[in-house]
Each structure stands twice: as structure tokens, then as C-alpha cells.
Amino acid sequence: MGISYACDYPPGVASLARLTAPSSGNAGEGPGPDREMAVVQAGLSVYHLDLDLLCSRQPDLIVTEDRAAVCGVSYAEMLEATRRLLGAHVEVLSLHPTLLQDIWDDIYRLGEVTEQQRQAATLLEGLFARVNTIVAESIMLRESPRVAVLGWADPLRLAGHWLPDLIQLAGGTDGLCRPGASAAVVEWVRLQEYAPEVVVLSPCGYTLTQTRAVLPTLAQLSGWDDLPAVRQGHVYAVDGQVYFHRPGPRIVDSLEMLASLIHPDLFGEFLPQAGQLYCRVAT
């Protein structure tokens, strides 16, 4: 019946009513998440909820998420508006995934509340089969390259939460993040000491074109050219709207993408067409 401002998949949802919008008109663009977090800490909302449209739709179920305050309307605001305008009978399901297991659990929870348990179980069965295809190969690898997935370039911010899970399953090593932890700023000297052998830049919410535009920020860092990933040509820019950041069924697409970037000889079949959703950064 309705979606958020950011919902864009599957393509058929584009015609649905959008019940939320960035308060400033350009959330997710410009200076980045630190500015938006400052807005939240000031007691303001980065997004607003269209109350009239919400009332006109008269939903029985509202699904939201409260993993990050800068990603959407807060759970508290959604719950208050629902209780005040629609009544306590309307169910508000707030998802809070931080680990890969949480994503699987949420898919099944959605199946339960929509009385689609069998469909949810079937979906999960297919996703697990794809994950197992990757793991069956990656678990046999003798070497696990050091991987850094960057969720922002200025300041340098790691892509956290379930990314350490994905990196491990894809046959890599993540020595920078703790599984389940939120995306954290990393000092440039720490990244240098870690000496990643694969670097993936995927700013949350950025298209590949937008991601490529921030690459010069990294290239200007003193010692950037000395990183093993740069010397060996294993630096990639990825569409952050599609991969890594959205906790839904396409997280397995992200795993396949990551495995193909870390071990292209083994998982190259999973790479999409270059130039559309990812690109190798010239060194």
C-alpha cells in the first residue's frame, strides 16, 4: 500500500505511495552520515512522515527499522503517529538487524506477521543454498586476503554490522570490524597498518556514478599508492544502493559480489557486467 522514500526494489514498487521523505530534500547526499547524525543528536529528524497519506491508506501492518537513526523515520515517531492517528490495533513491526543471522530471522518474522510462513521458508531455503555454494569453495581456501569495505570516504568509515560475516563467508579476513558493530570511523594510519589486500568502496545509498566521484578523496591520502590492494590493482567501487547495506534477500547478491571481488578466479561467474554496478579502480 505504501513505501518509504528509499524503496526502489523490486522495480514494481515505484508506483506505490511514498510515505516518508528527507526533511531537507537531499538526505543521503552531500557531506554524508556525520552531518545527518548531528541532526539526529540535535533532536531533529532527518526524515518526515506524511501523516495525511498514512491515514488515507489505513494499513493493518507497518514495517520499519531502527538500526540507524539516519536511515529513516524513527521507530518512536512511527509508533506515536500510528497510535495517535490509526489506533492501537495497527501492528508496527520494527526490525533491528545487525548480524547476518538477524536478516534471516527478520525474513521469517515478516513471513509470520503476514501469514506467509511457507513462502518465507522457501525463500530462505533458496538463499541458504546460494550461501552454501560460496562457503563450500571458500572454506577450502588456504589464504584469506585482508579486506576493507569502506562505507564512506571522508571521513573514512568502515561498513560494519553484517559485513564481517559476509567477508568471512566470501573467503576474506576482516581485521578492522567487530561483527554486529555499527559502521565506525577508522583512522587513516590504522588502515595503513592493516594493509588491506582488497579494498571495496561502497558508500551507503550511493550509485556507482556517485561512488566513483569520491574516489579522488582516497587517492589524495598520503601513502594510498603503497597499500597492497592499490599496488595489486584490487580496489573496487561498488553501487552502494544495491550492495552490502540493505538487510534483505539481496544480501546474498552482496555475498556473491564480494566473493567474486576477493577471489575472481574462483567466483568470477558471479560478477555482474562491469560499469553498471561495480568497477575496478585504475591504479
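Up top you'll find the structure we're talking about.
Rules behind the numbers
Sequence positions are assigned chain by chain, starting from 1 and proceeding in written order. Residue-level local features of this predicted model are given only where pLDDT is at least 70; pairs of side-chain atoms are given and counted only at 80 or more, and the full residue set underlies all totals for whole chains, interfaces and linings. Excluded from the side-chain calculations are hydrogens and water; all other atoms, namely the structure's heavy atoms, are used. Whenever a helix is involved, its axis is fitted only over the stretch in contact; in every case the axis is a line through C-alpha atoms, and angles between N-to-C directions fall within 0 to 180 degrees. Numbered from the N terminus, helices here are DSSP runs of H or I no shorter than four residues, and strands are runs of E no shorter than two. Each angle gets one of four labels, with under 35 degrees taken as roughly parallel, over 145 as roughly antiparallel, 65 to 115 as roughly perpendicular, and the rest as oblique. Handedness of a crossing follows from how the near helix is turned relative to the far one, being left-handed for an anticlockwise turn of less than a right angle and right-handed for a clockwise one. We call two residues contacting when some pair of their heavy atoms lies within 4.5 Å. Buried, partly exposed and exposed residues are distinguished by accessible area as a fraction of the type maximum, computed with a 1.4 Å probe on protein chains only: under 20%, between the cut-offs, and over 50%, respectively. What makes two strands pair is DSSP finding at least two bridges between them. To estimate how far a helix should reach, multiply one less than its number of residues by 1.5 Å. The term nonpolar core refers to a set of buried residues drawn from Ala, Val, Leu, Ile, Met, Phe, Trp, Tyr and Cys, joined through side-chain atoms within 4.5 Å. Each Phe, Tyr or Trp ring (for Trp, its six-membered ring) is paired with any other whose centre lies within 6.5 Å, and the angle between the two planes then decides the class: stacked below 30 degrees, edge-to-face above 60, tilted in between. Should the NZ of a Lys or the CZ of an Arg lie within 6 Å of a ring centre and within 35 degrees of the ring normal, that charge is described as sitting over the ring. What the arc covers is the set of directions going from the helix axis to the C-beta atoms.

## Describing the packing of helix α5 (residues 117-138) against helix α11 (residues 251-262)
Consideration 1: Between α5 and α11, the shortest axis-to-axis distance is 10 Å and the interhelical angle comes to 15°. What the angle tells us is that α5 and α11 run roughly parallel. α11 is crossed by α5, and the crossing has left-handed handedness. For the pair formed by α5 and α11, the contact residues are L127, R130, V131 and I134 on the first element and V252, D253, L255, E256 and A259 on the second.

## Some remarks on the pairing of strand β7 (residues 147-153)
Consideration 1: Taking burial as the measure, the 7 residues of β7 include 7 buried ones, the bulk of the element.
Consideration 2: When β7 meets strand β9 (residues 198-201), the two strands line up parallel, connected through 4 bridges. Each bridged residue has a counterpart across the sheet, and for A148 the counterpart in β9 is V199.
Consideration 3: Pairing geometry for β7 and strand β8 (residues 156-158), over 3 bridges, is antiparallel. Across the sheet, the residue bridging to W152 is R157, located in β8.
Consideration 4: Where β7 folds back on β8, the antiparallel hairpin that results is connected by 2 residues.

## Notes on the sheet that holds strand β11 (residues 278-280)
Consideration 1: Here we have 5 strands laid out as an open sheet, ordered β8-β7-β9-β10-β11, and mixed in their pairing. Of all the strands in the sheet, just β8 and β11 have a single pairing partner and so form its edges. Sheet twist, expressed as the average angle between the axes of neighbouring strands with direction ignored, equals 30°.
Consideration 2: Direction of pairing for strand β10 (residues 235-238) relative to β11: antiparallel, over a ladder of 3 bridges. Bridge assignment links V238 to a residue of β11, and that residue is Y278.

## With respect to α11
Consideration 1: Between the first and last C-alpha of α11 there are 16 Å, a value that for 12 residues agrees with the 16 Å anticipated at 1.5 Å per step.
Consideration 2: Buried residues dominate α11, accounting for 11 of its 12 residues.

## Quick notes on the nonpolar core
Consideration 1: In terms of nonpolar packing, the biggest core is built from 32 residues, with W104, V149, L166, F244 and L258 touching the most fellow members.
Consideration 2: Secondary-structure elements contributing two or more residues to this core are α4 (100-113), α5, β7, α6 (163-169), β9, β10 and α11.
Consideration 3: Considering each element in turn, this core owes the most residues, 8 residues, to α11.
Consideration 4: Not counting residues within four places of it along the chain, the set of residues in contact with L166 comprises L100, F244, I251, S254, L255 and L258.

## With respect to the packing of aromatic side chains
Consideration 1: Going through the model one piece at a time under the given rule, you end up with 6 aromatic pairs.
Consideration 2: Centroid distance W188 to W224: 6.3 Å. Interplanar angle 35°. Geometry classified as tilted. Of this pair, W188 sits in helix α7 (residues 188-194) while W224 is found in the loop between α9 (215-219) and α10 (228-231), placing the two residues 36 residues apart along the sequence.
Consideration 3: Lying across the ring of Y9, R250 places its NZ or CZ 3.9 Å from the centre.

## Quick notes on the side chain of D106
Consideration 1: Positionally, D106 belongs in helix α4.
Consideration 2: Apart from the residues lying within four places of it in its own chain, the contact partners of D106 are L95, H96 and P97.

## Brief notes about the side chain of S260
Consideration 1: Relative to the helices and strands, S260 resides in helix α11.
Consideration 2: Those residues in contact with S260 that sit more than four places away from it in its chain are F267, G268, F270 and L271.

## Comments concerning the pairing of strand β5 (residues 61-65)
Consideration 1: Burial along β5 is one-sided: I62 and T64 are buried, and none of L61, V63 and E65, which face the opposite way, are.
Consideration 2: With 5 bridges joining them, β5 and strand β6 (residues 91-95) adopt parallel strand pairing. Within β6, the residue paired with L61 across the bridge is E91.

## Focus on α5
Consideration 1: Spanning 22 residues, α5 covers 31 Å between terminal C-alpha atoms, matching the ideal 32 Å at 1.5 Å per step.
Consideration 2: Of all the positions in α5, only A120, L124, L127, V131, I134 and S138 are classed as buried. Around the axis of α5, the buried residues are gathered within 80° of arc, so they sit on the same side. Opposite the packed face of α5, turned more than 90 degrees from it, sit the exposed residues R118, T122 and E125.
Consideration 3: Packing partners of the buried residues in α5 comprise α4, α6, α11 and α12 (264-267).

So, to be careful, I would describe these as geometric facts and stop short of saying anything about function.
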